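Structure at a glance
Residues per chain are reported as follows:
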Amino acid sequence: MRLNIPTSRRLFVGAFVLEGTQYRNAYLWGAPLRGSSSSEPCHCQNSARSHILLSMKIVILGAGLLGSLIASELIAENKDVVIIEKNSNTARSIANELDCIVEEGDGENIETLKAAGVADADWFIACTGSDETNIVSCGFVAENFKNVQTIARARNPYFASFKNTGKKILGVDYIINPEAETAESIARIIFRGMSPEIIDVKEAGIQLRRILCKKEPRFVHESLADIRARIGQDFMVPAVLREEELTIPNGDFVFEEEDAAYILGEPSILDKLFGPCKDTLRKFSSIVILGAGTVTTLLLKELGMRQLSASAGSQRNKGHDKGALSLLGNPKIKVIYDNRETLKTLSATFPDIEAINHQLSDEYLIKEENIGSADIVLCLTAEQSINILSALLAQKAGARRSLALVTNDLYSPLVYLLDINIVVNEKTVMSGAILDKVRKAKIRRLYSFPHNEYELIEIQITSSFEQLGVEIHNMNLPKGFLIAFVIHGGKTYIPTGSTKLFENDLVGLIIKKEHIGKLESVFGA
């Protein structure tokens, strides 16, 4: 295998070297690799990591937006990552950005898979832009490397129906559909009140809020210990954002007026201590959706809209979740799109929606369709620029809440400057869904804090945990582990030093990504 490294970098290069399906311990300083056998180039970035083999190895096919994000997340967790990328320019570029091996080649070629070391990998993740490539490559891996688990990204709506079924399809252990994951995330936000103050976490028993200290006078110029002694112990402040820097506060931390504090606790307790979020929409009468694509279709299902399906030349009622709709106040749902045929198909499936054919780029859209009077405006078109501008215009026109769907981080700086109520990033949602599968020890990411260094994660305690029934202050957990909550027997607790952990408890921790590997070893896999 040949290392294609610019001459100016060779004095600084250090990397694992892959030969066949085994790692050879050749950590080079100041010299190119000799004795390589593969004809395919392998790009390696200069590395500060130890050359000791890591406990989990993941091979990722595709170095696009999603593949590179997943790789960077796993590298930050000290996982052993290899990327396969067909495009030589992309391969070289990603090798310069990430601390991992990049194998240039075709993921549907068995020799490329062998050269990338798939044989001794724990996971193979296929996330190219082609459903066919992703599924076929996973099939090759499943056929030739029996102990490797596989994940394929597939956009075809057909595969969304297999979500949470536990079925292995075409040799793929998990098929993850971006639209299905995104629709589920948006539905969760809607059912939790569309509050900009409440942060979406996947655990229903816990709530994370972001509050401005200037709006909470009890915090300003007071220490965290004094605040909890005065207000109550049943909440936690796991993080504080001060001048764009994230801090994990201790008891002596003193809040300033411009700080943004993250508070964590059981929803009813937070309501009692801080009052219900004023911006939460408990019931609403109208939802406007811009866009009639797959995300919209799947979201309507998540919201419990009545469906019809064609059967033997007639229409069959597939039913709906009346309970889900009643929780929302049985709102009227209006879908606006500029393709008449797509709208016709959607309204045939969901007969209770109001389908309106209108050009989405029309400057009079907001006014003519009276979008400003809606409770919620969901901008879910395939064009993220249209979504951002439409959400902003809907807010300006008087809509109580707007949500914009974006597909990547291109407009991130602009989004936060414009102060759109809620933004859902499909790439981040997908990355989280895949990482939840890959991580050991039943680990699930609930929230990634600003600057992407700290995470709120949830771990399920299993019988392999060696300190069952031991009080937390006697556990001698590694430095940097902050236990934020414990869910035991369906009830949420903010832990103290005397709290004990038992099998099947759900435990929330605030942790740096680089410590997740330690977490897996402490709590078992």
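To start, this report covers the structure provided alongside it.

About the thresholds
- Residues numbered from 1 in each chain as written.
- Predicted model: local features only at pLDDT ≥ 70, side-chain atom pairs only at ≥ 80, totals over all residues.
- Heavy atoms only, no water.
- Buried < 20%, exposed > 50% of the residue type's maximum accessible area, 1.4 Å probe, protein only.
- Helix = DSSP H or I, 4+ residues; strand = E, 2+ residues; numbered from the N terminus.
- Pairing = 2+ DSSP bridges.
- Axes fitted to C-alpha atoms, helices over the stretch in contact; angles between N-to-C directions.
- Salt bridge = Lys/Arg side-chain N within 4 Å of Asp/Glu carboxyl O.

1. Some words on the pairing of strand E13 (residues 236–242)
With six of seven residues buried, E13 lies mostly within the body of the structure. By the bridge criterion, four bridges tie E13 to strand E15 (residues 260–265) in an arrangement that is antiparallel. Paired with Met236 across the strands is Leu264, a residue of E15. With three bridges joining them, E13 and strand E14 (residues 245–247) adopt antiparallel strand pairing.

2. As for the sheet that holds strand E19 (residues 332–337)
Strand order across the open sheet formed by six strands is E20-E19-E16-E21-E22-E23, with parallel pairing between neighbours. Of all the strands in the sheet, the pair left with one neighbour each is strand E20 (354–357) and strand E23 (422–425). Direction aside, the axes of adjacent strands within the sheet are offset by 15 degrees on average. Two strands pair when backbone bridges link them, and E19 and E20 are joined in this way by four bridges, in the parallel orientation.

3. Here's the deal with the pattern of salt bridges
Going through the model one piece at a time under the given rule, you end up with 20 salt bridges. Where Lys57 meets Asp120, a salt bridge forms, and the shortest distance between an N and an O atom there is 2.7 Å. Note that Lys57 is positioned in strand E5 (residues 57–61) and Asp120 in the loop between helix H3 (110–115) and strand E8 (123–126), a separation of 63 residues in sequence. Here Lys57 falls in the buried class, since its relative accessible area comes to 4%. In this structure, Glu256 and Arg242 form a salt bridge, with 3.7 Å as the shortest nitrogen-oxygen distance. Placement of the pair is Glu256 in the loop between E14 and E15 and Arg242 in strand E13, with a sequence separation of 14 residues. Exposure remark for Glu256: the relative accessible area of 40% places this residue in the partly exposed category. The exposure class of Arg242 is partly exposed, given its relative accessible area of 22%.

4. Examining unusual backbone geometry
Although it is not a glycine, Asn330 adopts a positive phi angle of roughly 50 degrees. Secondary-structure assignment places Asn330 in the loop between helix H10 (322–327) and E19. Since its relative accessible area comes to 52%, Asn330 is described here as exposed. Despite not being glycine, Asn370 shows a phi value in the positive range, around 55 degrees. For Asn370, the position within the fold is in the loop between helix H12 (365–368) and strand E21 (376–379).

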